[in-house]
Amino acid sequence: MSYDLHTHSVLSDGTQSVEELVAEIADCGLTGFSLTDHDTTAGWHSAQKHAEQWGLDFLPGMEISCAIGPLSVHLLSYGHQQNDSVLNEHITQARSSRRTRAQRIVQKLSETYPITWEDVLAQASPGATIGRPHIADALVNANIIRTRSEAFSGLLADHSAYYVPYRAVHPVEAVTMVKAAGGVPIMAHPRARIRGQVASAELIEQMIEAGLNGLEIYHRDNNEEDRNWLKKLAQKYDLIITGSSDYHGAGKPNRLAENTTPTQTVERIKEIIRQNHQKNTTPQHTQTI
Ligand code: AMP
Ligand code: FE
Ligand code: FE
Ligand code: ZN
């Protein structure tokens, strides 16, 4: 009785359509799942529909890219209102800024390698959130490298001469936005050292102050020592602890359901979503004279 609360489809940098992804999830024997594409909710409708067909429970999710200078933070939002204008405005801008940044990376690469922006677009679904994985796929397709991972440890790595950063929201502001939209913010892979610099205790505490509800502790990118450190933090602030695969299909080594979250924890997340939505729809008390 468990859920995989962190998965990606072709609507961001996963390699499967939502339909294919949900079929594979059903095959795994999971109770339910969340689809958490980067900076988009475009897959929610299809995920809900296919979940129903397979008798799975679907928790709507999204992974928001945040940063403070060179520090990258990913924030998972569960169950926020899909029509929230502030959050929607933000993710529209985020997708556009990612695209401009990807174009600049490709421009730099094209000075040395035979790769064009059209090659990259050919690797992404229409309207998908563009990321470095799509550039990696174009490099693989052009036989410049062999795998996505090779790109991330070489040409597309943070320290590469071809790397271009992009502007992303401050993680504390992202938590505030998710809360205002009625969602449950949970920090994704909080100590993923493999990706570079990680958030400090001070930053995580600031996020908790802003309303962070949980930490994705069981994720392959958090090592044992960091997991223990995170568990203490979770205990101190009564935070929700989740476990997920961060599945990207064939795009990453992560396997579906390699980490999972118990149904009981998902019920706690759903309860907070219900409370948040109730608060957001309760009319403000107006004073009558
Ligand atoms: P970007 O969002 O453009 O900065 O690219 C980072 C994204 O690439 C992350 O969200 C991961 O999903 C993906 N990624 C990071 N490392 C790898 C890797 N080694 N192989 C495949 N995908 C990766
Ligand atoms: Fe990704
Ligand atoms: Fe992530
Ligand atoms: Zn992810």
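Residues numbered from 1 in each chain as written. Chains lettered and ligands numbered in written order. Predicted model: local features only at pLDDT ≥ 70, side-chain atom pairs only at ≥ 80, totals over all residues. Heavy atoms only, no water.

Chemist: I tried to follow the coordination of the iron ion (ligand 3) on my own but got confused; where do I start?
Modeler: Six octahedral donors around a metal ideally make angles of 90 or 180 degrees; four tetrahedral donors ideally make 109.5 degrees. Here the iron ion (ligand 3) is held by E63 (OE), H74 (ND1) and H189 (NE2), and the distances to it run 2.0 to 2.2 Å. Sequence spacing among the residues donating to the iron ion (ligand 3) works out to E-x10-H-x114-H. The two metals, the iron ion (ligand 3) and the iron ion (ligand 2), are separated by 5.4 Å. Here the residue H74 occupies a position in strand β4 (residues 71-78), and H189 occupies one in the loop between β5 (184-187) and α8 (201-210), the gap between them amounting to 115 residues. (Donors = N, O, S within 2.8 Å, 3.2 Å for Na, K, Ca; no water. Helix = DSSP H or I, 4+ residues; strand = E, 2+ residues; numbered from the N terminus.)

Chemist: Help me understand the site of ligand 1, please; the structure alone is not making it clear to me.
Modeler: Around ligand 1 sit 14 residues, and of these H38, R101, R132, H248 and G251 come closest. Protein chains bury 88% of the 490 Å² of accessible surface belonging to ligand 1 in isolation. When each cavity is represented as a set of grid points, ligand 1 is found to reside in the largest pocket. If one sorts the elements of the shell around ligand 1 by residue count, helix α6 (residues 148-152) sits on top with 3 residues. For the shell around ligand 1, the two domains that each supply at least three residues are domain 1 (2-91 + 167-280) and domain 2 (92-153). (Near = heavy atom within 4 Å. Areas by Shrake-Rupley, 256 points an atom, 1.4 Å probe, with all protein chains shown as cover. 1 Å grid on protein atoms, 1.4 Å probe; cavity = no way out; pocket = protein on both sides within 12 Å on 5 of 7 lines; lining within 4 Å. Sits in = over half its atoms within 2 Å of the grid points. Domains from an automatic or database assignment.)

Chemist: Any chance you could explain helix α2 (residues 44-54) here in plain terms?
Modeler: Residues spaced three or four apart along an α-helix point in a common direction, a consequence of the helix completing one turn every 3.6 residues. Every buried residue of α2 is accounted for by W44, A47, H50 and A51. Buried residues along α2 cover an arc of 135° about the axis, so they all sit on one side. In this structure, α2 carries H45, E52 and Q53 as exposed residues pointing more than 90 degrees from its buried face. Along its buried surface, α2 packs onto α1 (18-27), β2 (32-35) and β3 (57-68). Trailing α2 by a residue or two, G55 shows a phi angle of about 70°, which is positive. (Buried < 20%, exposed > 50% of the residue type's maximum accessible area, 1.4 Å probe, protein only. Arc of directions from axis to C-beta. Contact = heavy atoms within 4.5 Å.)

Chemist: Help me understand α8, please; the structure alone is not making it clear to me.
Modeler: By the burial criterion, the buried members of α8 are L203, I204, M207 and I208. End-on view of α8: buried residues confined to an arc of 145°, all on one side of the axis. Seen from the buried face of α8, the exposed residues on the opposite side, beyond 90 degrees, are E202 and E209. At the C-terminal side of α8, G211 shows a positive phi close to 120°.

Chemist: What am I meant to see in the pairing of β3 here?
Modeler: Across a regular strand the side chains alternate sides, sitting on one face of the sheet and then on the other. Summarising burial for β3: 9 of the 12 residues are buried, a large majority. Of the pairings in the sheet, the one linking β2 to β3 comprises 4 bridges and is parallel in character. Considered in β3, the bridge of F33 is made with F58. In this sheet, β4 lies alongside β3 in antiparallel orientation, the contact comprising 8 bridges. Bridge pairing in β4 links I68 to L71. What sits between the antiparallel neighbours β3 and β4 is a turn of 2 residues, in which G69 has the positive phi angle 55°. (Pairing = 2+ DSSP bridges.)

Chemist: What exactly am I supposed to notice about the coordination of the zinc ion (ligand 4) here?
Modeler: The protein atoms donating to the zinc ion (ligand 4) are H6 (NE2), H8 (NE2), E63 (OE) and D246 (OD), with metal-donor distances spanning 2.1 to 2.3 Å. Around the zinc ion (ligand 4), the 4 donor atoms are arranged such that angles at the metal cover 77 to 166°; this shape is classified as irregular. Owing to a relative accessible area of 0%, H8 belongs among the buried residues under this scheme. Its relative accessible area of 1% is what places D246 among the buried residues. (Tetrahedral: all angles 85-135°; square planar, octahedral: opposite > 155°, others 65-115°.)

Chemist: Hey, could you run me through the layout of surface pockets in this one?
Modeler: Over the atoms a probe the size of a water molecule is rolled, and this reveals where empty space is left. Roughly 1200 Å³ of volume is contained in the largest pocket. Lining of the largest pocket is provided by 50 residues; of these, H74, R132, F152, D158 and R195 occupy positions nearest its centre. Mapped by element, the contributors of at least two residues to the lining of the largest pocket are β3, β4, α3 (85-110), α5 (132-141) and α6. Per-element tally for the lining of the largest pocket: the top contributor is β3, with 4 residues. Along the lines of polarity and charge, the residues of the lining of the largest pocket split into 20 nonpolar, 18 polar and 12 charged. Reported here for the second largest pocket is a volume of approximately 220 Å³. In terms of lining residues, the second largest pocket is bounded by V86, H90, Q93, A94, S97, R167, A168, V169, E173 and M177. Put simply, the parts of the chain that give the lining of the second largest pocket at least two residues each are α3 and α7 (171-180). Here the lining of the second largest pocket gets 5 residues from one element, more than from any other, and that element is α3. Here the lining of the second largest pocket is built from residues that sort into 5 nonpolar, 3 polar and 2 charged. (Points joined across faces, edges and corners; volume = space filled by probe spheres on them. Nonpolar A, V, L, I, M, F, W, Y, C, P; charged D, E, K, R; others polar.)

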